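For reference, the chains in residue letters:
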Amino acid sequence: MLKIQEILTDMRREPLALTGTIPAFSYTATSDRAGDRQIARRVCVTLGERTVFDSGRVEDAESLHIPYGGEPLLPYTRYRVHITVWSEGGECAEGDTHFTTGPLDGALAEADWIAPSASCEPYRAYRMRKAFTARGKMRQALAYFTSTNFFDLYINDKRPDERRFTPAASPSGRRYYESYDITDLVTAGENTVGLIMGDGYYTRSYNRYACWQYEGIRRVLGLLHLTYEDGSTETVTTDGTWVAATEPSLTENSIYQGEHYDARLAMGFTDDRTEGYRPVIL
């Protein structure tokens with residue numbers, strides 16, 4: 001039996017922040033027939049009910065880096081990929097996946113770099129938050145954030161996933177951002193987005209010889225892109241309306257020495273308490 005085992009877009013499984021305008025598709029096909037091989041393939045990409053790319057049947061054994069050749073991709077949009085494979089043994093197999101484009105064409109430029117303080121204390125963690133109102137039910141909600149140091153993202157006091165040590169270390173002059181699907185966490189009405197920021201590499205104690213160590217003001221950049229059921233969209237960005245405070249429960253943090261955490265002092269981002277919060281610095 002012929003099967004398609006896995007489909008990748010730009011060598012990633014269902015990416016949330018595709019930045020290339022001409023993605024490439026790769027897949028693995030298997031057969032239980034000895035010596036069987038692919039003789040033809042077809043790649044279709046759809047947006048809703050509309051086909052934006054159809055390669056047609058291509059008589060080819062290639063299954064790696066098949067380029068997209070359809071309509072220009074839209075930012076913050078999920079596309080469905082359907083692949084059909086024919087084998088020398090006369091069988092046919094089909095498989096589906098999807099990919100989501102990120103903030104194409106420098107859309108993160110609409111956000112501001114914000115800092116919790118003009119002078120951050122070494123080994124201390126900081127919290128930053130913003131309340132926002134969603135005017136209806138979500139069709140899709142995506143978050144894109146980066147920082148000079150490690151952070152954990154929270155939407156209504158819940159983390160989108162369990163990843164740690166974000167964002168990834170990046171070379172000088174470049175900053176990688178993290179992408180999150182937060183559709184199930186944003187509700188109609190009042191919501192809160194929050195971050196807890198630790199030192200990460202942003203400390204002279206990391207290693208004085210390390211090329212990725214940083215000193216100075218810790219800062220974060222990001223946005224939420226909300227798509228409502230009626231198709232309308234809205235963005236929530238880092239800007240001067242955010243507030244920040246020292247994180248009370250993390251009394252010390254270091255990628256060498258770990259964390260000192262006091263659960264008695266923990267508080268949520270949706271907590272009504274406002275003591276200690278102050279406007280962020282642009």
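This section reports on the structure supplied with the text. Note that the structure is predicted; figures quoted are calculated from it, not measured.

Rules used throughout
- Residues numbered from 1 in each chain as written.
- Predicted model: local features only at pLDDT ≥ 70, side-chain atom pairs only at ≥ 80, totals over all residues.
- Heavy atoms only, no water.
- Helix = DSSP H or I, 4+ residues; strand = E, 2+ residues; numbered from the N terminus.
- Buried < 20%, exposed > 50% of the residue type's maximum accessible area, 1.4 Å probe, protein only.
- Lys, Arg positive; Asp, Glu negative; His and termini not counted.
- Charge placed at Lys NZ, Arg CZ, Asp CG, Glu CD.
- Pairing = 2+ DSSP bridges.
- Axes fitted to C-alpha atoms, helices over the stretch in contact; angles between N-to-C directions.
- Contact = heavy atoms within 4.5 Å.
- Polar contact = N/O pair within 3.5 Å; in protein donor to acceptor, adjacent residues only side chain to side chain.
- Phe/Tyr/Trp six-rings, centres within 6.5 Å; stacked < 30°, edge-to-face > 60°.

Glancing now at the overall build of the protein chain. The helix and strand inventory of the protein chain stands at zero helices and 18 strands. By its C-alpha atoms, the protein chain is 70 × 50 × 35 Å across when sized along the principal axes. Evaluated residue by residue, the protein chain yields a buried proportion of 46% over its 282 residues. Separation between the mean location of the 31 positive side-chain charges and that of the 40 negative ones in the protein chain comes to 3 Å.

Before going further, it helps to examine the sheet that holds strand E7 (residues 92–100). The strand order across the open sheet built from four strands is E4-E3-E6-E7, with neighbouring strands paired in antiparallel fashion. Across the chains shown, the open sheet's two edge strands, defined by having one partner strand only, are strand E4 (50–54) and E7. Adjacent strand axes in the sheet meet at a mean angle of 25°, parallel and antiparallel pairs treated alike. Pairing geometry for strand E3 (residues 38–47) and strand E6 (residues 78–87), over eight bridges, is antiparallel. Within E6, the position partnered with Val 43 by the bridge is Ile 83.

Moving on: the environment of Asp 96. Checked against the element boundaries, Asp 96 lands in strand E7. When the C-alpha positions of Asp 96 and Val 81 are compared, they lie 5.5 Å apart, and in sequence the two are 15 residues distant. Setting aside its immediate chain neighbours within four residues, Asp 96 contacts Ile 7, Arg 80, Val 81 and His 82. Engagement of the side chain of Asp 96 in a polar contact is seen with the side chain of His 82, the distance being 2.8 Å.

Moving on, we get to the side chain of Thr 146. Within the element layout of this structure, Thr 146 appears in strand E9 (residues 138–147). Separated by 2.6 Å, the side chain of Thr 146 and the backbone oxygen of Tyr 176 make a polar contact. Among all residues touching Thr 146, those that are not within four sequence positions of it are Trp 113, Phe 151, Pro 167, Arg 175, Tyr 176, Tyr 177, Val 220 and Leu 221.

The next thing to look at is the packing of aromatic side chains. Applying the stated criterion to the full structure yields nine aromatic pairs. Here the aromatic rings of Phe 25 and Phe 99 are separated by 6.1 Å at their centres, their planes lie at 40°, and the arrangement is tilted. In this pair, Phe 25 sits in strand E2 (residues 24–31) while Phe 99 sits in strand E7, placing the two residues 74 residues apart along the sequence. Of the two residues, Phe 25 and Phe 99, neither departs from the other in class, the shared state being buried.

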